Amino acid sequence: MENQYITVAYKLFAILDGRKEMLEEAPAAHPFQFITGMGYTLDRFEKEIEQLHEGDHFAFTIPCAEAYGEREEENVHVVSKSMFTLPNGQFDSENIYPGNIIMLNDQEGNRFYANVGEITEDKVVLDLNHPHAGKDLTFEGQVIEMRPATNEEITRLATAMSGHGCGGGCESCGGCGGHEDEEDCCGGGCGHCH
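Now for a quick tour of the structure. Here the structure is a predicted model, which means the values were calculated and not measured.

Thresholds, definitions, all that
Residues numbered from 1 in each chain as written. Predicted model: local features only at pLDDT ≥ 70, side-chain atom pairs only at ≥ 80, totals over all residues. Heavy atoms only, no water. Core = buried A, V, L, I, M, F, W, Y, C linked by side-chain atoms within 4.5 Å. Buried < 20%, exposed > 50% of the residue type's maximum accessible area, 1.4 Å probe, protein only. Helix = DSSP H or I, 4+ residues; strand = E, 2+ residues; numbered from the N terminus. Contact = heavy atoms within 4.5 Å. Arc of directions from axis to C-beta. Pairing = 2+ DSSP bridges. Lys, Arg positive; Asp, Glu negative; His and termini not counted. Salt bridge = Lys/Arg side-chain N within 4 Å of Asp/Glu carboxyl O. Polar contact = N/O pair within 3.5 Å; in protein donor to acceptor, adjacent residues only side chain to side chain. Patch = residues over 30% accessible without salt bridge, like charges linked within 9 Å, V, L, I, M, F, W, Y side chains within 5 Å. Areas by Shrake-Rupley, 256 points an atom, 1.4 Å probe, with all protein chains shown as cover. Charge placed at Lys NZ, Arg CZ, Asp CG, Glu CD.

## Let's talk about the nonpolar core
Next up, step 1: By size, the foremost hydrophobic cluster in this structure holds 27 residues, and its most contacted members are Val 8, Phe 45, Ile 49, Phe 58 and Phe 139.
Next up, step 2: When residues of this core are traced back to their parent elements, those giving at least two are strand S1 (4-16), strand S3 (32-35), helix H1 (43-50), strand S4 (57-62) and strand S9 (137-148).
Next up, step 3: With five residues, S1 is the largest single contributor of residues to this core.
Next up, step 4: Grouped together as the second largest cluster of nonpolar side chains are nine residues, Ala 114, Val 116, Val 124 and Leu 126 included.

## Some thoughts on the environment of Gly 141
Next up, step 1: Within the secondary structure, Gly 141 sits in strand S9.
Next up, step 2: Taking the C-alpha atoms as reference, Gly 141 lies 10.0 Å from Gly 55; in sequence the two are 86 residues apart.
Next up, step 3: Not counting residues within four places of it along the chain, the set of residues in contact with Gly 141 comprises Ala 9, Tyr 10, Asp 56, His 57 and Phe 58.

## Examining H1
Next up, step 1: By the burial criterion, the buried members of H1 are Phe 45, Glu 46, Glu 48 and Ile 49. Buried residues of H1, seen end-on, are gathered within an arc of 165° and therefore sit on one face of the element. Residues Asp 43 and Lys 47 are exposed on H1 and point more than 90 degrees away from its buried face.
Next up, step 2: Looking at the buried positions of H1, the neighbouring elements they touch are S1, S3, S4 and S9.

## Considering the pairing of S1
Next up, step 1: Among the 13 residues of S1, 10 are classified as buried, and the element is accordingly described as predominantly covered.
Next up, step 2: Judged from the 11 bridges that link them, S1 and S9 form a sheet pairing that is antiparallel. Within S9, the residue paired with Tyr 5 across the bridge is Arg 147.
Next up, step 3: As defined by bridge partners, S1 adjoins S3 across four bridges and the pair is classed as antiparallel. Residue Ile 6 lies in a different strand from S3, and its bridge partner there is Phe 34.
Next up, step 4: Here S1 pairs with strand S2 (residues 19-26) via seven bridges, running antiparallel. Of the residues in S2, the one forming a bridge with Leu 16 is Arg 19.

## Structural notes on the side chain of Glu 24
Next up, step 1: Of note, Glu 24 is situated in strand S2.
Next up, step 2: Nearest to the buried, unbridged Glu 24 among oppositely charged side chains is Lys 135, at 8.9 Å.
Next up, step 3: Among the polar contacts made by the side chain of Glu 24, one reaches the side chain of Tyr 10 at a distance of 2.7 Å.

## Here we look at the pattern of salt bridges
Here the idea is simple: oppositely charged side chains can pair when their charged atoms come close.
Next up, step 1: By the definition in use, this model includes eight salt bridges.
Next up, step 2: With a shortest N-O distance of 2.6 Å, Glu 153 and Arg 147 are connected by a salt bridge.
Next up, step 3: For Arg 147, a relative accessible area of 25% corresponds to the partly exposed category.
Next up, step 4: Connected through shared salt-bridge partners, Arg 44, Glu 48 and Glu 66 make up one network.

## A look at a negative patch on the surface
Next up, step 1: A cluster of acidic side chains, namely Glu 70, Glu 72, Glu 74 and Asp 136, defines a negative patch on the protein surface.
Next up, step 2: Structurally, Glu 72 can be placed in the loop between S4 and strand S5 (76-80).

Quick look at the structure:
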């Protein structure tokens with residue numbers, strides 16, 4: 001099956017403490033964009049959307065096990081606050097604050113995201129669990145566009161996913177990473193969140 005270029009407007013909900021809580025939104029003005037068959041979204045999300053047609057409305061729930069799995073406490077680390085010291089010797093409070101998602105590199109150069117938790121006088125808590133781990137995710141929305149992807153679109157997304165393009169990481173959820181021209185948008189939304 002050929003790769004499909006799909007844009008969807010949606011609201012993402014989870015049930016937290018018995019209440020339906022909205023986690024994020026991709027409005028029709030700034031829809032989530034992806035190309036099927038490239039591993040850019042959750043497998044289950046892609047399968048649900050692929051069955052639809054342009055203009056269709058949808059509402060489906062992805063169980064935790066098929067989304068981001070359960071939270072694992074061993075993925076929560078306490079590190080020295082000095083790890084985030086700027087060249088001037090000051091703590092990087094502009095980027096390191098509770099709730100912010102930051103990108104880190106391990107010793108092998110692999111990049112990964114961490115959610116900043118509590119900050120004490122000398123320690124920072126980093127949570128490497130996906131922000132939606134441990135949650136059943138309910139998506140409600142509409143398919144805005146669905147058509148065969150062009151070779152240029154496939155190449156652009158592959159470049160973004162390789163780390164050489166913008167990729168629209170979690171710190172810019174719901175938008176196009178600040179691009180003025182939507183043609184320059186190489187993913188939009190929170191690519192690795194869906």
